Amino acid sequence: MQKNKENYLQNVKDSKELQALIRDYPDYFDLIFYAISERVLSPEEAKFIAQNIRIRNGEVIKNKKELEQRELIIRLRQKMSIT
């Protein structure tokens, strides 16, 4: 675990993308930590991981909005059929 901490700190210190990712997505800290703590990453790898996590978060938000819209439609249909 100590080596993972060292790798994490080195990767974050060397990457503006990872610093921004941690700042912007504190709820994803565990995911970020495990994604970047296995070894010291190249700048390209760090950027790739940061981009993928941002894309993943965008998909989660999109899916949540779509689910909420479907649930609203279902509730409206149910309400219309009751009255």
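Just above, that's the structure.
Here the residue numbering is sequential within each chain, running from 1 through the sequence in written order. Under the rules for a predicted model, residues below a pLDDT of 70 receive no local features and side-chain atom pairs below 80 are neither given nor counted, while totals for whole chains, interfaces and linings still include all residues. Hydrogens are left out, water is left out, and the side-chain values use all remaining heavy atoms of the structure.

The subject of this paragraph is the packing of helix α3 (residues 29-36) against helix α4 (residues 43-82). Whenever a helix is involved, its axis is fitted only over the stretch in contact; in every case the axis is a line through C-alpha atoms, and angles between N-to-C directions fall within 0 to 180 degrees. Think of it this way: any DSSP run of H or I at least four residues long counts as a helix, any run of E at least two long counts as a strand, and we number them from the N terminus. Running from N to C, α3 and α4 point in directions that differ by 150°, and their axes come no closer than 11 Å. As far as their axial angle goes, α4 and α3 are roughly antiparallel. Handedness of the α3/α4 crossing: right-handed. From α3, Leu31, Ile32, Ala35 and Ile36 reach across to α4, where they touch Ile49, Ile53 and Arg56. Residues that form the contact of α3 with α4 fall into these classes: six nonpolar, no polar and one charged. Relative orientations are named as follows: roughly parallel for angles under 35 degrees, roughly antiparallel for angles over 145 degrees, roughly perpendicular for angles from 65 to 115 degrees, and oblique for any other angle. Should the near helix be turned counterclockwise from the far one by less than a right angle, the crossing is left-handed, whereas a clockwise turn marks it as right-handed. We call two residues contacting when some pair of their heavy atoms lies within 4.5 Å. For this classification, the nonpolar set comprises Ala, Val, Leu, Ile, Met, Phe, Trp, Tyr, Cys and Pro, the charged set comprises Asp, Glu, Lys and Arg, and every other residue, Gly included, is treated as polar.

Moving on, we get to helix α1 (residues 2-14). A helix's residues, less one, multiplied by 1.5 Å, set its expected span. Counted at 1.5 Å a residue, the expected span for α1 with its 13 residues is 18 Å, and the 18 Å between its end C-alpha atoms agrees. Each residue's exposure class comes from its accessible area (1.4 Å probe, protein chains only) as a fraction of the maximum for that residue type: buried when under 20%, exposed when over 50%, partly exposed otherwise. Among the residues of α1, Asn4, Asn7, Tyr8, Asn11 and Val12 are the ones counted as buried. Angular distribution of buried residues about the axis of α1 spans 125°; they occupy a single face of the element. Facing away from the buried side of α1 by over 90 degrees, the exposed positions are Lys3, Leu9, Lys13 and Asp14. Note that the arc is computed from the directions linking the helix axis to the C-beta atoms.

To continue, consider the pattern of salt bridges. Put simply, a salt bridge is a Lys or Arg side-chain nitrogen that is within 4 Å of an Asp or Glu carboxyl oxygen. Counted according to the given criterion, the structure contains five salt bridges. Between Glu6 and Lys3 there is a salt bridge, with the nearest N and O atoms lying 4.0 Å from each other. Of the two residues, Glu6 and Lys3 are both situated in helix α1; the distance of three residues between them amounts to about one turn of the helix. Of the charged contacts, one joins Asp24 and Arg54 as a salt bridge, the two residues approaching to 2.9 Å between their closest N and O atoms. A residue pair is termed long-range when its members are at least 10 positions apart, and Asp24 in helix α2 (residues 16-24) and Arg54 in helix α4 qualify at 30 residues.

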